[in-house]
Amino acid sequence: MKRLVTVLVLLAMAIAMVLFLTRPERLSLADLPDYVADTTNGERLFNAGGCASCHASETEGPGKLHLGGGLEMETPFGLFRVPNISPHESTGVGKWTMLQFVNAMHLGTAPGGQHYYPAFPYASYSRMRLEDLMDLKSYMDGLPAVDNSPGDHELKFPWNMRLGIGVWKFLNLDPSFIKMVDEQNALLERGRYLVEGPGHCGECHTPRDWTGGLQMDQWLAGAPNPEGKGRVPNITSHDNGLADWSTSDIEYYLASGFTPDFDVVGGSMVKVQENMALLSDEDRSAIAAYLKYIPALSKVRQSVSDID
Ligand code: HEC
Ligand code: HEC
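Reading guide: rules and limits
Residues numbered from 1 in each chain as written. Chains lettered and ligands numbered in written order. Predicted model: local features only at pLDDT ≥ 70, side-chain atom pairs only at ≥ 80, totals over all residues. Near = placed C-beta within 6 Å. Helix = DSSP H or I, 4+ residues; strand = E, 2+ residues; numbered from the N terminus. Nonpolar A, V, L, I, M, F, W, Y, C, P; charged D, E, K, R; others polar. Buried ≥ 20, exposed ≤ 12 C-beta atoms within 10 Å, placed from the backbone. Contact = placed C-beta atoms within 7 Å. Core = buried A, V, L, I, M, F, W, Y, C linked by C-beta atoms within 7 Å. Domains from an automatic or database assignment.

Novice: What's the story with the site of ligand 2 in this structure? I'm lost.
Specialist: Around ligand 2 sit 20 residues, and of these Gly 199, Cys 201, Cys 204, Gly 266 and Met 269 come closest. Mapped onto the shell around ligand 2, the elements with two or more residues apiece are helix 9 (202-205), helix 10 (247-256) and helix 11 (269-276). The leading source of residues in the shell around ligand 2 is helix 9, at 3 residues. Broken down by class, the residue content of the shell around ligand 2 amounts to 12 nonpolar, 7 polar and 1 charged.

Novice: Sorry if this is basic, but what is going on with the environment of Phe 80 here?
Specialist: Considering the arrangement of structural elements, one finds Phe 80 in strand 2 (residues 78-81). Classification of Phe 80 by C-beta neighbours within 10 Å gives buried; the count is 20. Among all residues touching Phe 80, those that are not within four sequence positions of it are Met 73, Thr 75, Tyr 117, Ala 119 and His 153.

Novice: Would you mind showing me how to read the nonpolar core here?
Specialist: The nonpolar side chains of soluble globular proteins are, as a tendency, buried together. Counting residues in each nonpolar core, the largest one holds 47 residues, and the members touching the most others are Met 105, Leu 133, Ile 287, Tyr 290 and Leu 291. Listed by contribution, the elements that provide at least two residues to this core are helix 2 (39-49), helix 3 (51-55), helix 4 (98-107), helix 5 (122-125), helix 6 (130-141), helix 8 (186-196), helix 10 and helix 12 (281-293). Here the element with the most residues in this core is helix 12; it accounts for 6 residues. Formed jointly, this core draws a minimum of three residues from each of two domains, domain 1 (27-172) and domain 2 (186-306). If near-sequence neighbours (up to four positions away) are discounted, Tyr 290 is found in contact with Leu 188, Gly 191, Arg 192 and Val 195.

Right, here's the structure in full:
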């Protein structure tokens with residue numbers, strides 16, 4: 001009996017320790033740069049980041065800028081309902097301060113201090129410059145306010161407890177860049193920033209480990225498709241990736257949706273490509289240069305069920 005009590009006390013202490021170590025982090029006002037936001041750059045980052053792909057309440061035409069949320073994302077953990085991030089005062093984020101927004105994007109921490117689920121790809125957005133996040137918020141402040149309350153997520157136990165996300169963050173949230181590039185090469189640097197940061201390409205194109213974190217040694221080497229059948233393709237320069245694509249093929253694909261074989265983009269890449277088409281030629285060249293620069297990889301463990 002005594003031993004059981006000791007074990008329980010130790011367990012409670014261990015849990016308290018873990019919760020303390022993984023508590024939500026926040027920046028303070030002093031961490032924000034003294035900076036006048038630029039909404040044009042904010043619009044560019046909004047497109048690069050694909051915010052409308054998940055948060056738009058209408059999917060066609062100008063409705064893409066109505067960020068009322070409501071999209072239902074089915075995952076193995078349960079159903080996520082994407083929230084309203086339009087500037088509506090009560091159902092959206094109209095009352096949020098700049099600091100609250102930066103904390104959500106950079107650290108995955110909500111204004112009330114809770115952790116966000118990584119279904120919101122802040123693990124990538126955390127690599128964005130604070131100035132860019134400030135530009136992004138200023139741009140989004142000018143979008144239409146949409147009155148819509150999408151409702152709560154319906155997640156299975158234990159995923160319905162936000163406290164545990166701290167452990168995930170401890171293992172997987174790291175705002176440093178993944179690949180080394182020559183810092184003198186402005187094009188590669190820009191490409192790295194767009195791909196590893198706002199573009200969050202790795203969230204789909206990189207396989208995940210058992211913790212749900214990206215397997216960085218398989219960066220962009222392709223992954224099982226979360227939508228079910230088939231794989232998200234390898235976009236490194238490996239033979240079963242983009243070996244035969246030139247940088248201009250990649251640029252053309254991102255701008256038009258056509259592959260070098262005159263195939264048309266499909267699946268979850270459709271919305272990504274539509275957003276890439278809104279970027280400048282320079283941004284698309286930078287992304288292409290980065291993809292051709294990083295090491296060619298092929299997923300090492302390929303089970304029969306992985307091959308489509
Ligand atoms: C893959 C889908 C997806 C994309 C892309 C995405 N989000 Fe989200 N976002 C979510 C989900 C899901 C949540 C809810 C997370 C939670 O409840 O923990 C969320 C939450 C948020 C929140 C918190 C809202 C609140 O009410 O607390 C903000 C702010 C936000 N996203 C901003 C953005 C911005 C800005 C972008 C683009 C740079 C973006 N999101 C792109 C899925 C996405
Ligand atoms: C939401 C998931 C998702 C995200 C985010 C994403 N992709 Fe994709 N991507 C896909 C899927 C799925 C395909 C396969 C499309 C098809 O079947 O036509 C694809 C295909 C591609 C292809 C063509 C590869 C081929 O062999 O046909 C390229 C190039 C590409 N993506 C680049 C990118 C870049 C660059 C980014 C980041 C800016 C990105 N993707 C972000 C899901 C995604």
